[in-house]
Structures are given as C-alpha cells and as structure tokens.
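The residues making up each chain are set out below.
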Amino acid sequence: MPTEISRKIHSIMAREMGHLGKFIVEKQCKDLGINPEEIGEKDLDAVAEAIRKVMISFAGEDKAKKIWMEMKRAK
C-alpha cells in the first residue's frame, strides 16, 4: 500500500504529465534508491528535486518550479 506522500506525488505527476508522470516518478525514485510506493518525509526533498530537474526539459522552469513547490507541501 503506497504512502500518503507517494500517492500525492503520483497524483500530481499524473495530472501534469498523464501516463508519463508515473514513469518519471518511478525512474527518479529508482535512481535515488527509493521505492516509489514508499516515499517518506525523509525522501521528499530528494525526490521533488530530482523530478523538478526532469520537468524543466518537459515543461520549462516555471512549471517545474510550480510542481516542485506542490510536492514539497505533500508532507
């Protein structure tokens, strides 16, 4: 069962990127050695920052920052 933070991050990314959002979350978590279903408060900063960096190339700096800020409030 996914953590509340994992559900929130997946929801944000699904809303913003559709099916690709799930892939982005899973890839960034894998690179960080974090289970994408078990993102905890201690992991949130690293996951949000990794996703922000990827999102710059997909959606630009402004949208990446908006998504990053929303994820940081997922605690």
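Quick caveat, the model's predicted, so the values are computed rather than measured.

Caption draft 1: Up close: a nonpolar patch on the surface. On the surface, L20, F23 and F58 cluster together into a nonpolar patch covering about 290 Å² of accessible area. Here F23 lies in helix α2 (residues 19-32).

Caption draft 2: Examining the environment of I51 more closely. If you trace the backbone, I51 turns up in helix α3 (residues 41-59). Since its relative accessible area comes to 0%, I51 is described here as buried. Between the C-alpha atoms of I51 and M13, which are 38 residues apart in sequence, the distance is 9.2 Å. Those residues within four positions of I51 in sequence are excluded, and the remaining contacts are I9, M13, I24, V25, Q28 and M71.

Caption draft 3: Expanded view of the side chain of E16. On the secondary structure map, E16 appears in helix α1 (residues 4-17). Overall, E16 belongs to the buried group, its relative accessible area being 16%. For E16, the side chain forms a polar contact with the side chain of K63, separated by 2.9 Å. A polar atom in the side chain of E16 sits 3.3 Å from the side chain of K66.

About the criteria used
Residues numbered from 1 in each chain as written. Predicted model: local features only at pLDDT ≥ 70, side-chain atom pairs only at ≥ 80, totals over all residues. Heavy atoms only, no water. Patch = residues over 30% accessible without salt bridge, like charges linked within 9 Å, V, L, I, M, F, W, Y side chains within 5 Å. Areas by Shrake-Rupley, 256 points an atom, 1.4 Å probe, with all protein chains shown as cover. Salt bridge = Lys/Arg side-chain N within 4 Å of Asp/Glu carboxyl O. Helix = DSSP H or I, 4+ residues; strand = E, 2+ residues; numbered from the N terminus. Buried < 20%, exposed > 50% of the residue type's maximum accessible area, 1.4 Å probe, protein only. Contact = heavy atoms within 4.5 Å. Polar contact = N/O pair within 3.5 Å; in protein donor to acceptor, adjacent residues only side chain to side chain.

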